[in-house]
Amino acid sequence: MKKNPKTLKLILFSIAGIALLIFPLLAKNSYQVHILNLVGIYMMLSLGLNIAMGYAGQMNLAMGALWAVGAYTAGLLNQRLGLSLWLTLPCAIVAGGLVGGFVGLPALKVRAHYLSIVTIGLNEVINIILVNETKLTGGVDGISKIAKPALFGFKINTEQRYYYLILIAVIATFLISRQILSGRVGRNFRAIRDDYKTAPAMGVNAGFYKLLAFIISGCFAGAAGALYAHLNAYISPDIFEHKTTLFIMTLTMVGGLGNLNGSLIGSFILPVLQEYLRAIQDWQYVVYGLAIMVVVLFVPGGLMQVFTLLKPYVTMLTSRFNKLKSGTTVGEDSNVS
Amino acid sequence: MFLELEHLTMKFGGLVAVDDISFSVNKGEIHGLIGPNGSGKTTIFNMLSGYYKPTSGKIVFEGKNITGLPAHKVTQAGFARTFQNLRLFKSMTVLENVMVSMGHLAKTQLLNVMFNPIAAQKENDLFTEKAMKLLDLLDIRQYAHNLAVSLPYGTQRRVEIARALATEPKILLLDEPAAGLNEVETNELAEILTTIRQSGITIFLVEHDMKLVMGSCHEITVIDYGKKIAEGDCDCVRSDPRVIEAYLGKEEDL
Amino acid sequence: MRELSVLVQTIIGGIGIGSLYALVALSTSMIYRSMGLINFANGSIYMVGTYLGMIWYRGMVMGLQFSYWVSFIIGILLCAGFGVVMERVFRKLADVDLRNMLLGTIGLGFILDNLMIIIFGAEGFAVKSPVSSKPIILGSIRILPQNILLVTVAAILVIALQIFLTKSKTGKAMRASAQDRDIARTMGIHVNQSNAITFAIGFGLSAAAGILAAPIVYVNPAMGSAVGTKAFAGAVLGGLGNIPGAILGGVSFGIIEAISAGYISSQYTKGISFIIVLVVLMFMPSGILGEKQVDKV
Ligand SMILES: Nc1ncnc2c1ncn2[C@@H]1O[C@H](COP(=O)(O)OP(=O)(O)OP(=O)(O)O)[C@@H](O)[C@H]1O
Ligand SMILES: [Mg+2]
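The structure presented is a predicted model; accordingly, all values stated were derived computationally and were not measured. (Residues numbered from 1 in each chain as written. Chains lettered and ligands numbered in written order. Predicted model: local features only at pLDDT ≥ 70, side-chain atom pairs only at ≥ 80, totals over all residues. Heavy atoms only, no water.)

### Here we look at the sheet that holds strand 5 (residues 64-65) of chain B
Residue and element names in this part refer to chain B. Taking strand neighbours across the sheet as the criterion, the four strands line up as 2-1-4-5 in an open arrangement whose pairing is antiparallel. Among the strands making up the open sheet, the edge pair consists of strand 2 (15-25) and strand 5. By the bridge criterion, seven bridges tie strand 1 (residues 3-12) to strand 2 in an arrangement that is antiparallel. Opposite Leu8, over in strand 2, you have Ile21 as the bridge partner. On top of the sheet, helix 1 (residues 41-48) reaches strand 1, strand 2 and strand 4 (56-61); it is set at about 115° to strand 1, its chief contact. (Pairing = 2+ DSSP bridges. Helix = DSSP H or I, 4+ residues; strand = E, 2+ residues; numbered from the N terminus. Contact = heavy atoms within 4.5 Å. Axes fitted to C-alpha atoms, helices over the stretch in contact; angles between N-to-C directions.)

The following block contains the structure:
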């Protein structure tokens, strides 16, 4: 029987799916699950950034702050009004989207380097507000004792249980991203990224789509923020500083800008790598920095580019393999490529 | 009047690129705009298509004053254009390039295409079908799934025209569409222009290839140093002494 | 009267800190001009430069100890040499797009910051000022000698740079290759060589700023991060790639910071400064002295 690529894909997907489902049962301790939970949250942030920066070409260097907006919205609503995750989550998405749109407003006037310093500045401004508006935000102490959610009386109060919640959220975010990018909106994003000057001549309202890209990344960051707040039960401004923004950017780019799978891969590899590198203490960041430089200098398209580069070889190998199995010799089909 | 330019002026610092130019373009015609290098042709196109705000003067299209509208609004009003130097979207296939132009006509709500897979698919299918017809018109269907910028120059020019037509314009501004084409390709272009005009679209053509201009245009406006120096039909322009003088010593011959 | 002298004093303080920003902004802007590359690691280079100078002043290398000014010069020269080496790395980055450039220089900053932690430890040290800490009193205004020193040395460096760029053959070649690499090449200018000199000067300026700052800040591996961002903001404020703009932007940023710290709110200082940069950019999208970008199509 001949295997076609579709069935192969299906099999791979099922294996990956089962692995994802049973991971918490196999994990050595809940810390490992915790790391994976964080990976999931980074995936959501990275998908948001990828849409803004990878697809729409907008330098959104305020993801850390937008994440904070979601986390603080959820944290405060829970602490002050006792709302559960199911209510704080939509509020956080809306808040993230609104602030995201606000952060994106300067994009109507400035671009590239200028936009990056402006968004870095806004990230700082939001962080300073979190530190100093002590009455509202708790200042440097942040907000603690944020309640874990429950579903129909079933308490989602362990890392393992939360894992499934995040898994669902990541899948949903991924599918929504793919849906958004598959049609008109995705094409318009890429049009303003490829050539922001000519896109308007094709009827694309460049300003609107710039803002939309910022709003979407804000919504994703908002959702990630709410999930993080309820997972960690504790949030403080230092979690969402400029360096967090750079970290989110780094994982997105190491994975591959303009490729949603890249976001997933980058968000997985870098935090996990960081865990392993802990053993070498201070050297970890040096290795980390070197890894970034290597990616930028040699595979500027990120790890997804490595896969694309390898793809022809894989296809060649599998086709040879199939041919060998079905009895024909390799030489015969060398003219069909 | 279909399209009227009234006392259009464009200054860049001290340079007057377009100086008090007025003329009109008739519906259903091919109107030529010629002039030596740097005489302000592209600048006029940039004003018409909303890229530059005229320093002074008015652009009236179908009775509406469209001066200073942003480019995407001008496109929605019925203008389409190509660019003198090829400007195709570099990450997109030919098909996608053409489909971008259809977005502004879409009837489906934005949120619906963002979150409803069925509606999005339907829209994509509709766009694809329409785009394929345009690719047929320009005889580039076989390249539909190729990266647009990877194609030969002449083909890219066709993709640009297809992309402009996909906005469903009333008037099409072509900025030197024959630049870089060989003779065969230029002849094919002339045929394409005729087909487009026959479908009811007015064409406003900037071109240095005089054979193409003289062969296709109903009406020609000639500018030099930003000023209008002549207008009329081909014969009238060809024999105008000021036109001959403007082109004297330059490679283009009439 | 009293208020006025406080204001003057605040502004003078702002100009002092601003001249440091100006030097680093100048470095950012010159490197941008030569290669179109924004060096997000500039804060780290400022920090590395400080160490390269201050280790001699404090006798941290084989017991060798020099005076402040000798250390100042050694620091600048070593950092300039480091710049020449880094130009080779950055040369590759200059060909990639903005986002990769950003990430690459961030990665470099990461490496430098943490190498310094590994070598010198995360705790820093204080450095004695070469001038007295007694304020000079002019009527009702008190000025710190350190402040005068900052402004004077920065001014000397900027003037020297300007003379070098406009009068020397190398300087002229550098300006030509910054304007158009290809044309410069046809004119027989070694573009890479002139870029290497730009890097040497840029890195040297960052080191100078760091060493000048050393007596008033606490020298430690994290000292560069804030300065790097502020200098970038200053360079952008003045107009990226524009040399007078970088000085103007850097100094303005220092003054804005000082005034908002003194009069509005010390906690919100950093935020206010960025908001002002943002507002300026909304009206002048290419900075104060930056060339207006032409949207040619
Ligand atoms: N954005 C701009 N800023 C400054 N000057 C400009 C700008 N756009 C055009 N110009 C100047 O205006 C004049 C007219 O240019 P334009 O491009 O309109 O000429 P053209 O007739 O299209 O020439 P060509 O046949 O070479 O395409 C030129 O001197 C050009 O340098
Ligand atoms: Mg032109």
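### What about a nonpolar patch on the surface?
All names here are of chain C. A grouping of Leu248, Ile275, Val279, Phe283, Met284, Ile288 and Leu289 is seen on the molecular surface, where their side chains present a nonpolar patch of about 600 Å² in accessible area. Take the nonpolar patch: its biggest share by element is three residues, from helix 11 (residues 269-283). Within the secondary structure layout, Phe283 lies in helix 11. (Patch = residues over 30% accessible without salt bridge, like charges linked within 9 Å, V, L, I, M, F, W, Y side chains within 5 Å. Areas by Shrake-Rupley, 256 points an atom, 1.4 Å probe, with all protein chains shown as cover. Salt bridge = Lys/Arg side-chain N within 4 Å of Asp/Glu carboxyl O.)

### Digging into the interface of chain A and chain C
Listed by partner, the interface residues are 44 residues for chain A and 45 residues for chain C. Carbon and sulfur atoms make up 78% of the surface buried where chain A meets chain C, a total of about 4,000 Å² over both sides. Broken down residue by residue, the surface that chain A buries against chain C is led by A:His113, A:Tyr114 and A:Ile117, which jointly contribute 18%. One can count one salt bridge joining chain A with chain C. Residue A:Glu124 pairs with C:Lys270 through a salt bridge whose shortest N-O separation is 3.3 Å. Across the contact surface, chain A and chain C share six residue pairs in polar contact (both at pLDDT 80 or more). Of all the secondary-structure elements, those providing two or more residues to the side of chain A that touches chain C are helix 2 (30-55), helix 5 (112-132), helix 10 (242-255) and helix 12 (283-298) of chain A. Element by element, the count of residues in the side of chain A that touches chain C is highest for helix 5 of chain A, at 14 residues. A per-class count over the side of chain A that touches chain C returns 30 nonpolar, eight polar and six charged. (Buried area = accessible area lost by both parts, 1.4 Å probe. Polar contact = N/O pair within 3.5 Å; in protein donor to acceptor, adjacent residues only side chain to side chain. Nonpolar A, V, L, I, M, F, W, Y, C, P; charged D, E, K, R; others polar.)

### Some words on the confidence of the model for chain B
Chain-level pLDDT for chain B is 94 on average; 97% of the residues reach the 70-or-more range. Ranking the elements of chain B by mean pLDDT puts helix 10 (residues 241-247) of chain B last, at 84, and helix 3 (residues 94-100) of chain B first, at 98. (pLDDT = per-residue confidence, 0-100.)

### Side note on the interface of chain B and chain A
In this complex, chain B contributes 33 residues to the contact, which on the side of chain A involves 27 residues. Both sides of the chain B and chain A interface together cover about 2,500 Å² of buried area, and 57% of this is carbon and sulfur. Between the two partners, chain B and chain A, sit three salt bridges. One salt bridge in this structure joins B:Glu123 and A:Arg184, with 2.8 Å as the shortest N-O distance. Joining chain B to chain A, the criterion identifies 16 residue pairs in polar contact (both at pLDDT 80 or more). Taken together, the elements giving at least two residues each to the side of chain B that touches chain A come down to helix 2 (71-77), helix 3, helix 4 (110-115) and helix 5 (117-137) of chain B. Element by element, the count of residues in the side of chain B that touches chain A is highest for helix 5 of chain B, at five residues.

### Here's the deal with the domain arrangement of chain B
The domain boundaries assigned to chain B delineate domain 1 (1-78 + 226-254) and domain 2 (88-169). Computed from C-alpha coordinates alone, the two centres of domain 1 of chain B and domain 2 of chain B are separated by 29 Å. (Domains from an automatic or database assignment.)

### Section: the site of ligand 1
In the region of ligand 1, 16 residues are neighbours, and B:Gly38, B:Lys41, B:Thr42, B:Thr43 and B:Gln84 sit closest. Near ligand 1, residues from chains B and C are present, making the site a shared one. The contact in question runs from an oxygen atom of ligand 1 to an N or O atom on the backbone of B:Ser39, over 3.2 Å. A distance of 2.9 Å separates an oxygen atom of ligand 1 from a polar atom in the side chain of B:His208. When ligand 1 is considered free in solution it has 630 Å² of accessible area, and contact with the protein chains removes 76% of it. Of all the secondary-structure elements, those providing two or more residues to the shell around ligand 1 are strand 2 and helix 1 of chain B. For the shell around ligand 1, the element with the most residues is helix 1 of chain B, which contributes three residues. Per-class residue counts for the shell around ligand 1 are five nonpolar, eight polar and three charged. (Near = heavy atom within 4 Å.)

### As for the coordination of the magnesium ion (ligand 2)
Residue and element names in this part refer to chain B. Protein coordination at the magnesium ion (ligand 2) comes from Thr42 (OG1) and Gln84 (OE1), with a distance range of 1.9 to 2.2 Å. Of this pair, Thr42 sits in helix 1 while Gln84 sits in the loop between strand 6 (79-81) and helix 3; the two residues are 42 residues apart in sequence, bridging distant segments of the chain. Relative accessible area serves as the criterion here: at 17%, Thr42 is assigned to the buried category. Judged by its relative accessible area of 32%, Gln84 is partly exposed. (Donors = N, O, S within 2.8 Å, 3.2 Å for Na, K, Ca; no water. Buried < 20%, exposed > 50% of the residue type's maximum accessible area, 1.4 Å probe, protein only.)

### Thoughts on the packing of helix 10 of chain A against helix 4 (residues 98-120) of chain C
At their nearest, the axes of helix 10 of chain A and helix 4 of chain C sit 11 Å apart, and the two run at 115° to each other. Where helix 10 of chain A crosses over helix 4 of chain C, the two elements pack in a sense that is left-handed. Each of A:Leu246, A:Met249, A:Thr250 and A:Met253 in helix 10 of chain A lies in contact with helix 4 of chain C, whose residues at this interface are C:Arg99, C:Asn100, C:Leu102, C:Leu103 and C:Ile106. Of the residues in the contact of helix 10 of chain A with helix 4 of chain C, the class split is six nonpolar, two polar and one charged. (Left-handed = near helix turned anticlockwise from the far one by under 90°.)

### Considerations on the pattern of salt bridges
Here the structure, examined in full by the defined rule, presents 21 salt bridges over all chains. A salt bridge links A:Asp195 to B:Arg87, with the nearest nitrogen and oxygen atoms 2.7 Å apart. Placement of the pair is A:Asp195 in the loop between helix 8 (184-194) and helix 9 (206-232) and B:Arg87 in the loop between strand 6 and helix 3, with the two residues belonging to separate chains. Each of the two residues, A:Asp195 as well as B:Arg87, counts as buried. When the shortest N-O distance is used, the salt bridge between B:Asp235 and B:Arg238 registers 3.4 Å. One end of the pair, B:Asp235, and the other, B:Arg238, are both in helix 9 (residues 234-238), three residues apart, so they sit about a helical turn from each other.

### So, the confidence of the model for chain C
Scored by pLDDT, chain C has a mean of 90; 97% of the residues are at 70 or more. For this predicted complex, the interface confidence comes out at an ipTM of 0.94, alongside a pTM of 0.92.

### Considering the packing of helix 3 (residues 68-93) of chain C against helix 4 of chain C
Residue and element names in this part refer to chain C. It is at 10 Å that the axes of helix 3 and helix 4 come closest, and there the two elements cross at 145°. Crossing hand, helix 3 versus helix 4: right-handed. Touching Phe82, Met86, Phe90 and Leu93 of helix 3 are Asn100, Met101, Gly104, Thr105, Leu108 and Leu112, all from helix 4.

### Observations concerning unusual backbone geometry
Most peptide bonds are trans, and most residues other than glycine sit at a negative phi. With a phi angle near 50°, B:His7 is a residue other than glycine that sits in the positive phi range. One can find B:His7 in strand 1.

### Details of helix 4 (residues 85-104) of chain A
All names here are of chain A. Taking 1.5 Å per residue as the helical rise, helix 4 with its 20 residues ought to reach 28 Å, and the 27 Å between its terminal C-alpha atoms agrees with that figure. When helix 4 is considered as a whole, its buried residues turn out to be Leu85, Thr88, Ala92, Ala95, Gly96, Gly97, Gly100, Gly101, Val103 and Gly104. In this structure, the buried residues of helix 4 make contact with helix 3 (63-81), helix 5, helix 7 (159-182) and helix 9. (Expected span 1.5 Å × (residues − 1).)

### Some words on the environment of C:Lys134
Of note, C:Lys134 is situated in the loop between helix 4 and strand 1 (136-138). When the C-alpha positions of C:Lys134 and C:Asn39 are compared, they lie 37 Å apart, and in sequence the two are 95 residues distant.

### Side note on the side chain of A:Asn127
All names here are of chain A. With respect to the helices and strands, Asn127 occurs in helix 5. For Asn127, a relative accessible area of 9% corresponds to the buried category. Polar contacts involving the side chain of Asn127 include one to the main-chain carbonyl oxygen of Phe240, which spans 3.1 Å. Setting aside chain neighbours within four positions, we find Asn127 in contact with Pro237, Phe240 and Glu241.

### Comments concerning the packing of aromatic side chains
In this structure the tally under the stated criterion is 31 aromatic pairs over all chains. Pairing B:Tyr51 with B:Phe83 gives two aromatic rings, centres 6.1 Å apart and planes at 85°, and the pair type is edge-to-face. With B:Tyr51 in the loop between helix 1 and strand 4 and B:Phe83 in the loop between strand 6 and helix 3, this pair connects stretches of sequence that are 32 residues apart. Classification of B:Tyr51 as buried rests on a relative accessible area of 17%. On the basis of relative accessibility, which here comes to 0%, the residue B:Phe83 falls in the buried class. Relative to C:Phe199, the ring of C:Phe90 has its centre 5.3 Å away and its plane inclined at 75°; by these criteria the two rings are edge-to-face. Linking C:Phe90 in helix 3 with C:Phe199 in helix 8 (residues 191-213), this pair joins segments that are 109 residues apart in sequence. Exposure remark for C:Phe90: the relative accessible area of 0% places this residue in the buried category. Residue C:Phe199 is classed as buried on the basis of its relative accessible area of 0%. The rings of A:Tyr42, A:Trp67, A:Tyr72, A:Tyr228, A:Phe240, A:Phe247, A:Tyr285, A:Tyr288 and C:Phe110 are connected pair by pair, giving a single aromatic cluster. The ring of B:Phe89 has B:Arg163 lying over it, and the distance from NZ or CZ to the ring centre is 4.8 Å. (Phe/Tyr/Trp six-rings, centres within 6.5 Å; stacked < 30°, edge-to-face > 60°. Lys NZ or Arg CZ within 6 Å of the ring centre and 35° of its normal.)

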